[in-house]
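Observations on the three-dimensional arrangement
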Amino acid sequence: MISVDVVGIGAWSEFFPDWSALQHGLNGGPWADGHKLVPELLPATLRRRAPQTVKLAVEVMHQATSMAGLEADCVGVVFASSMSDMQTTDRICHTLAEHPELISPTQFHNSVHNAATGYWSIITKSHEPANAICAHDYSPFMALLEAAIQCADENQPMLVVSQEVETPLPFSSICANRNPCAAALLISPEGPGEDALARLQLEVIDEPASWPDLPEPLQSRLTPSSGANLLALLAAIGSTDTKPLQFPLTPHSSLRVWITEHV
């Protein structure tokens, strides 16, 4: 079993621009939709060129590191997305089929799965490890497990970030998602606990599990997706429920998570 402390949280969707607004909605407060995604950490020139996937990831990563009071260049990163930037990939495929001579190098480098970690490392001048995991629906909790292992083994704070964008039509049969959303957890090695938002204890279980339902306030707003699944863990961190959660890692194994302290 691995124990880590959660010291920072980031969250964004059109219904909540940060962790505080997400908590407010989960506790019965009104939701305000139509939030604009303007990641302040991205310089204006990069912000214009960066795709939504990068903006989502950078925004929640910045929120989490700011909440923890840690410099962005001192934390490792594990990024997760079921299929990453499907919108850019779709545009590239259309261009290849119709006008291949117009393929854009910028679109190509934005389409790769680890584009967000590349942007993050450049703008924060970080030389810390940055990994990207793609395991379809299992991506966010594979990333959480990977980050927790690195955190405990290397004694280093780690960012876990998961994001999904709206799925364009050609991909919707295999990865349906209508709501761009992202979430980030900044975890650190288990410590005295005074500054921790929560303590997570993680254990890999050799048995299958079903995805936990999103809290009711989110069910009517967000479509189920790998990005939204990490929000179920964030919601549990902000609740008073002490029951362990169990998230699928593969069709035959799962990650059991105990939240031993709460916000």
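All figures in this text were calculated on a predicted structure; none of them were measured in a lab.

Criteria and cut-off values
- Residues numbered from 1 in each chain as written.
- Predicted model: local features only at pLDDT ≥ 70, side-chain atom pairs only at ≥ 80, totals over all residues.
- Heavy atoms only, no water.
- Helix = DSSP H or I, 4+ residues; strand = E, 2+ residues; numbered from the N terminus.
- Buried < 20%, exposed > 50% of the residue type's maximum accessible area, 1.4 Å probe, protein only.
- Contact = heavy atoms within 4.5 Å.
- Arc of directions from axis to C-beta.
- Polar contact = N/O pair within 3.5 Å; in protein donor to acceptor, adjacent residues only side chain to side chain.
- Pairing = 2+ DSSP bridges.

**Some details on unusual backbone geometry**
With a phi close to 55°, K125 is a non-glycine residue in the positive phi region. Here K125 shows up in the loop between α6 (115-124) and β3 (130-133). You will see that N155, though not glycine, has its phi angle at about 55°, which is positive. Tracing the chain through its elements places N155 in the loop between α7 (139-154) and β4 (158-164). Residue classification places N155 among the exposed residues on the basis of a relative accessible area of 58%.

**Concerning α6**
Burial runs high along α6: eight of the ten residues are buried. Elements that come into contact with the buried residues of α6 comprise α2 (44-49), α3 (52-68), β2 (76-80), α5 (105-111), β3 and β4. Phi for K125, located one or two positions after α6, is positive at around 55°.

**Details of helix α1 (residues 19-26)**
Residues W19, L22, Q23 and G25 constitute the buried set of α1. Down the axis, α1 shows its buried residues gathered within 165° of arc, on one side only. Of the residues flanking the start of α1, the one acting as N-cap is D18, its side-chain oxygen 3.3 Å from the backbone nitrogen of S20. Positioned one or two residues after α1, G28 has a phi angle of 100°, which is positive.

**What about the pairing of strand β1 (residues 2-13)?**
Of all twelve residues in β1, eleven are buried, a share of seventy percent or more. Looking at chain direction, β1 and strand β6 (residues 198-205) are connected through five bridges and run antiparallel. Directly across from V6, in β6, lies its bridge partner A198. The pairing of β1 with strand β5 (residues 181-189) spans nine bridges and is antiparallel. Along β5, the bridge assignment pairs V6 with I187.

Distances and angles like these do not, on their own, reveal function.
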